Amino acid sequence: MRSIFLILILYLAVAAQTTLADAVSIGSIGVHLPAMAAAMVIIIQRGNGALAIAALIGLVEDTLAPGRLGIAMAWYLVLGWFLLEGCERYELRSLGRRAVLTGLYVGLVTLTVGTTRWAIGEPTVGFLRIVLQAVGIGTFSGFVAVPVWIVLDWTRQVLHRRQQYDV
């Protein structure tokens with residue numbers, strides 16, 4: 001059941017990124033839904049399986065973007081490991097901490113993938129623009145993550161209550 005749920009989240013994140021993300025963007029700054037989904041899976045699931053899902057999300061993003069394959073997958077995995085370590089060391093019950101970590105992960109993924117692609121000569125934008133966009137995308141994604149985390153918490157509470165009443 002969890003695998004089907006994770007595949008559904010991955011599909012919805014990628015589909016929404018390719019169709020709806022431009023509608024809610026402000027200039028060239030928009031939400032990065034696949035990276036948000038990867039951060040949320042790592043924070044909720046934890047463990048090696050969450051890292052594998054994050055790497056899979058990065059691979060799917062690599063297939064959608066022009067350029068060399070594997071750059072996003074590698075950075076999703078490396079930064080996901082750091083996020084996982086942070087999740088194991090600190091208490092993440094508060095909504096603010098989870099939203100900040102989600103935005104930070106998205107911003108760092110955007111920055112590292114963009115910088116790597118810039119370093120090997122792929123993009124046509126400059127380094128300063130990559131950095132500014134990464135800061136904007138991370139901040140915007142952190143704010144968008146707040147209602148998503150609220151819905152996820154609410155869903156988890158409803159399912160927990162429902163399991164208590166099952167006989």
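Rules behind the numbers
Residues numbered from 1 in each chain as written. Predicted model: local features only at pLDDT ≥ 70, side-chain atom pairs only at ≥ 80, totals over all residues. Heavy atoms only, no water. Helix = DSSP H or I, 4+ residues; strand = E, 2+ residues; numbered from the N terminus. Buried < 20%, exposed > 50% of the residue type's maximum accessible area, 1.4 Å probe, protein only. Areas by Shrake-Rupley, 256 points an atom, 1.4 Å probe, with all protein chains shown as cover. Expected span 1.5 Å × (residues − 1). pLDDT = per-residue confidence, 0-100. Axes fitted to C-alpha atoms, helices over the stretch in contact; angles between N-to-C directions. Left-handed = near helix turned anticlockwise from the far one by under 90°. Contact = heavy atoms within 4.5 Å. Nonpolar A, V, L, I, M, F, W, Y, C, P; charged D, E, K, R; others polar. Patch = residues over 30% accessible without salt bridge, like charges linked within 9 Å, V, L, I, M, F, W, Y side chains within 5 Å. Salt bridge = Lys/Arg side-chain N within 4 Å of Asp/Glu carboxyl O. Core = buried A, V, L, I, M, F, W, Y, C linked by side-chain atoms within 4.5 Å.

**Some words on the overall build of the protein chain**
Then comes step 1: When helices and strands are counted, the protein chain shows 6 helices and 0 strands.
Then comes step 2: Helices and strands appear in the protein chain in the N-to-C order α-α-α-α-α-α.
Then comes step 3: When each of the 167 residues of the protein chain is scored for burial, the buried share is 37%.
Then comes step 4: Here the protein chain has roughly 10000 Å² of accessible surface; of this, 68% comes from carbon and sulfur atoms.

**Some words on helix H2 (residues 33–45)**
One full turn of an α-helix is made of 3.6 residues, so residues set three or four places apart face in the same direction.
Then comes step 1: Relative to the 18 Å expected for 13 residues at 1.5 Å per residue, H2 spans 18 Å between its end C-alpha atoms, a close match to the ideal helical length.
Then comes step 2: H2 sits mainly inside the fold: 11 of its 13 residues count as buried.
Then comes step 3: Along H2, the positions that sit buried rather than exposed are Leu33, Pro34, Ala35, Met36, Ala37, Ala38, Ala39, Met40, Val41, Ile42 and Ile43.
Then comes step 4: Backbone geometry just downstream of H2 places Arg46 in the positive-phi region, at approximately 60°.

**Examining the confidence of the model for the protein chain**
Then comes step 1: Summary statistics for the protein chain give a mean pLDDT of 82 and a share of 89% for residues scoring 70 or more.
Then comes step 2: Considering each helix and strand of the protein chain separately, the mean pLDDT is smallest for helix H1 (residues 2–19), with a value of 71, and largest for helix H5 (residues 95–119), with 90.

**Some remarks on the packing of H2 against helix H4 (residues 71–89)**
Then comes step 1: At their nearest, the axes of H2 and H4 sit 9 Å apart, and the two run at 40° to each other. As H2 packs across H4, the resulting crossing turns out to be right-handed. Here Pro34, Ala35, Ala38, Ala39, Ile42 and Ile43 of H2 lie close against H4, whose contacting residues are Tyr76, Gly80, Leu83, Leu84 and Cys87.
Then comes step 2: Considered class by class, the residues forming the contact of H2 with H4 number 10 nonpolar, 1 polar and no charged.

**Overview of a nonpolar patch on the surface**
Then comes step 1: Judged by side-chain polarity, Leu56, Leu59, Leu69 and Met73 come together as a nonpolar surface patch covering roughly 330 Å² of accessible area.
Then comes step 2: By the element assignment, Leu56 lies in helix H3 (residues 48–64).
Then comes step 3: Taking relative accessible area as the criterion, Leu56 reaches 37% and is therefore assigned partly exposed.

**Structural notes on the nonpolar core**
Where a protein is soluble and globular, its nonpolar side chains tend to be buried together.
Then comes step 1: In terms of nonpolar packing, the biggest core is built from 34 residues, with Met36, Ile42, Tyr76, Leu83, Tyr105 and Val109 touching the most fellow members.
Then comes step 2: Of all the elements in the fold, those that place two or more residues in this core are H1, H2, H3, H4, H5 and helix H6 (127–165).
Then comes step 3: The residues touching Tyr76, leaving out its near neighbours within four places in the chain, are His32, Pro34, Ala35, Ala38, Ala54, Ile57, Gly58, Glu61, Tyr105 and Val109.

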